[in-house]
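# Summary of structural features
One letter stands for each residue in the lines below.
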Amino acid sequence: MSTPFISQQKLINIDEIPEDEAYGGLRILRVSSDEEARANFEQHRFRFQHESEKRHAIRGTLCLKGAEGGYRICVTVHPSLRQFTDLVRYNPSDPPRAVDYEANGMKAAHLKTQSDFKGAKAANRGDFSRYILEAVRGERVAYLPTVTGWQSVEEFEEDPQPIFVAFDEANPAALYGEIYLPKRPIMQADGQTQTAALFEAAQNRLALQNGALDTFFVTLEVELKVDVDAAAQSFADRNGRGTKKNTNLVATFDTSSALAKLRNQAVKGTIFENRVADGRSTGATLTAVQNIVDASTLEQMLLNVISHGNRKREHIKHHHIEAVLPYCREFLQMLEGQFGGAWNDTKQADTYRRLYVHGWAFALKALALAYNQVRRDKLGPIMDAMQKETATGDDTTEQLVKRFTEIIAEQSVPTPAVSFDEFKQRLAAIDWRRDRRHWIRITGCLQEKNGTKKTVKLKSTGETVVAAAASNTPAHISQVENKILSDTWTELASGEPEPIN
């Protein structure tokens, strides 16, 4: 019996692939413009094509970023959730202990540029993970920013080196093709919390059962040839040029979160509909009457109604809406019944914010907190259920609603110190004029440069009154709430003006 002979083919080594100076010495195989290179690539004659255990192969764009003389070499790819975790390998909330992790300086870079996942950062990871799973369930569209990471400069000097196969060279600063990336960890320059959340979501039963590992896609940018100092500078530059976002605009543009849906359903048919400032048009200022509140204030009011301010917007989930919506609407309808007559959308003599405390954000937030207290018999079990539910994220929406309803039913029902009817009677009896002494004692007044009380002349009555302050601080909000619910609330009905002198 003869021994079978398998012909051997001499493979082209990596050092025969030219280094491209424009791309920092990265080895680039230009199969779109080099016919010999294309023929060899198509016939799998390159050694790197047979070393799948050493490199990931994924389509993407190789880019030069920044200014000449200091170009950053980046590869942008669009992996599935499965590919993302395979590529990155480095879960920042659970750093690997592998030898290559230490050798690449990842641990040193982490300590130098990132914070540990403790406290608020750990909570943010969970919130981000739930956001991803809400998209998997079909409750929202996922708008995820690009995760940016890097691989060490050592990858250019040690085996295996990265290799890029260029399929298109029309733009010399952005080559489309296939990156053969060493199977070593990718450290995050930006998007660390999102990366940790993606790793968490990838291990979730819902993601596994729904096939999300292969159907959920993200964008990953990997910078090549980076040392620890450059990584630290990158982190500083990305996080030290902070921007102040318009919270009203963000709240208005947000239509898919649970709180946004709750807000839109709660205001429908009430005096607040179409009278919420978005940060672009007329705001909710002293002289404005078109809008009653801004979007950010309205959201804080609803959070106060739901949880007495103990939950953030990201903690309100879609399966909570059915339980809390009736009380959010009741609160807004109560405000309309009590104050709607004063909130006219016309300028006559004096704007209602010049005249009344109930036109200001601090008072509206305080009223929402007080409402939560007088509705504790209804909202208390819901609040407790929000604290106690332990959904892991792998449940369907129907399962979440069912479990949440069951937890609510298991909670004890507290008795409010002040009933809802008594609360409404107090609001109707309170003198809400801003210049009254009882409000000045709580909010303080504006002052002239010489330290005397600032005054304003009312057009409607010709009176000269003290100009009350409107500090939107937790302390003032809490003071208003406590006074309305206290046994001394009748002091708010005195009708006595603040003395000018």
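What comes next is a walk through the structure. Small disclaimer: the values here were computed from a predicted structure and weren't measured.

As enumerated under the stated definition, the model contains one cavity of 30 Å³ or more in all. Considering only enclosed or pocket space, the largest cavity measures out at about 40 Å³ in volume. As for the largest cavity, its lining consists of Ile58, Val75, Val77, Leu87, Ile179, Leu181, Leu220 and Val222. Listed by contribution, the elements that provide at least two residues to the lining of the largest cavity are β4 (72–77), β7 (174–182) and β9 (220–226).

Let us now look at helix α18 (residues 420–429). All of the buried residues along α18 are Phe420, Phe423, Arg426 and Leu427. Projected onto a plane normal to the axis of α18, the buried residues spread over an arc of 115° and lie on a single side. Away from the buried face of α18 by more than 90 degrees, exposed residues Gln425 and Ala428 are located. If you follow the buried residues of α18, they end up packed against α13 (321–339), α15 (361–374) and α20 (474–485).

Glancing now at the sheet that holds strand β2 (residues 26–30). Spatially, β1-β2-β6-β7-β3-β4-β9-β5-β8 is the arrangement adopted by the nine strands of the open sheet, whose pairing is mixed. A single partner strand is all that each edge strand has here, and the edge strands are β1 (19–20) and β8 (187–190). Pairing analysis gives five bridges linking β4 to β9, with the strands arranged antiparallel. Among the inter-strand pairings, Ile73 is bridged to a residue of β9, identified as Leu224. On top of the sheet, helix α2 (residues 81–88) reaches β3 (55–65), β4, β5 (147–152), β7, β8 and β9; it is set at about 80° to β3, its chief contact.

This part covers the packing of α15 against helix α16 (residues 376–388). In a packed pair of helices, the relevant descriptors are the angle between the two axes and the axis-to-axis distance. Across the interface, α15 lies against α16 with an axial gap of 6 Å and an inter-helix angle of 95°. By the criterion of interaxial angle, the relationship of α15 to α16 is roughly perpendicular. The residues of α16 that touch α15, namely those facing Tyr371, Asn372, Gln373 and Val374, are Arg376, Asp377, Leu379 and Met383. For the contact of α15 with α16, the per-class residue count stands at four nonpolar, two polar and two charged.

Direction of pairing for β3 relative to β7: antiparallel, over a ladder of nine bridges. Residue pairing for β7: Arg59 is matched across the bridge by Glu178. As paired elements, β3 and β4 share six bridges and run antiparallel to each other. The partner of Thr61 across the bridge, within β4, is Thr76. Hairpin connection from β3 to β4: six residues lie between these consecutive antiparallel strands, with Gly66 at a positive phi of about 100°.

Next up on the list: the packing of aromatic side chains. Think of a pair of aromatic rings as described by two things: how far the centres are apart, and how the planes are tilted against each other in angle. With the rule as written, the count across this model stands at 12 aromatic pairs. Ring geometry for Phe339 and Trp432: centres 5.2 Å apart, planes at 80°, overall edge-to-face. Remark: Trp432 occurs in the loop between α18 and α19 (437–443) and Phe339 occurs in helix α13; sequence separation between them is 93 residues. Neither Phe339 nor Trp432 differs from the other in exposure class; each is buried. Of the aromatic side chains, those joined through ring pairs into one cluster are Phe272, Phe339, Trp343, Trp432 and Trp439. Note that Arg375 overlies the ring of Phe420, its terminal NZ or CZ placed 4.2 Å from the centroid.

A few words on the nonpolar core. Ranked by size, the top nonpolar core spans 62 residues in total, and within it Phe331, Leu335 and Phe423 carry the most contacts. In terms of residue count, α13 provides more of this core than any other element does, 11 residues in total. Leaving out residues up to four positions away in the same chain, Phe423 has contacts with Met334, Leu367, Ala370, Tyr371, Val374, Val418, Ile484 and Leu485. Ranked by size, the runner-up nonpolar core spans 45 residues in total, among them Leu87, Val88, Ala166 and Leu175.

Below, the discussion takes up the side chain of Glu223. Here Glu223 lies in strand β9. Filtering out sequence-adjacent residues up to four positions away, Glu223 remains in contact with Arg72, Ile73, Cys74, Gly149, Trp150 and Gln151.

Conventions adopted
Residues numbered from 1 in each chain as written. Predicted model: local features only at pLDDT ≥ 70, side-chain atom pairs only at ≥ 80, totals over all residues. Heavy atoms only, no water. 1 Å grid on protein atoms, 1.4 Å probe; cavity = no way out; pocket = protein on both sides within 12 Å on 5 of 7 lines; lining within 4 Å. Points joined across faces, edges and corners; volume = space filled by probe spheres on them. Helix = DSSP H or I, 4+ residues; strand = E, 2+ residues; numbered from the N terminus. Buried < 20%, exposed > 50% of the residue type's maximum accessible area, 1.4 Å probe, protein only. Arc of directions from axis to C-beta. Contact = heavy atoms within 4.5 Å. Pairing = 2+ DSSP bridges. Axes fitted to C-alpha atoms, helices over the stretch in contact; angles between N-to-C directions. Parallel < 35°, antiparallel > 145°, perpendicular 65-115°, else oblique. Nonpolar A, V, L, I, M, F, W, Y, C, P; charged D, E, K, R; others polar. Phe/Tyr/Trp six-rings, centres within 6.5 Å; stacked < 30°, edge-to-face > 60°. Lys NZ or Arg CZ within 6 Å of the ring centre and 35° of its normal. Core = buried A, V, L, I, M, F, W, Y, C linked by side-chain atoms within 4.5 Å.

The values reported here are purely geometric and, on their own, carry no functional implication.
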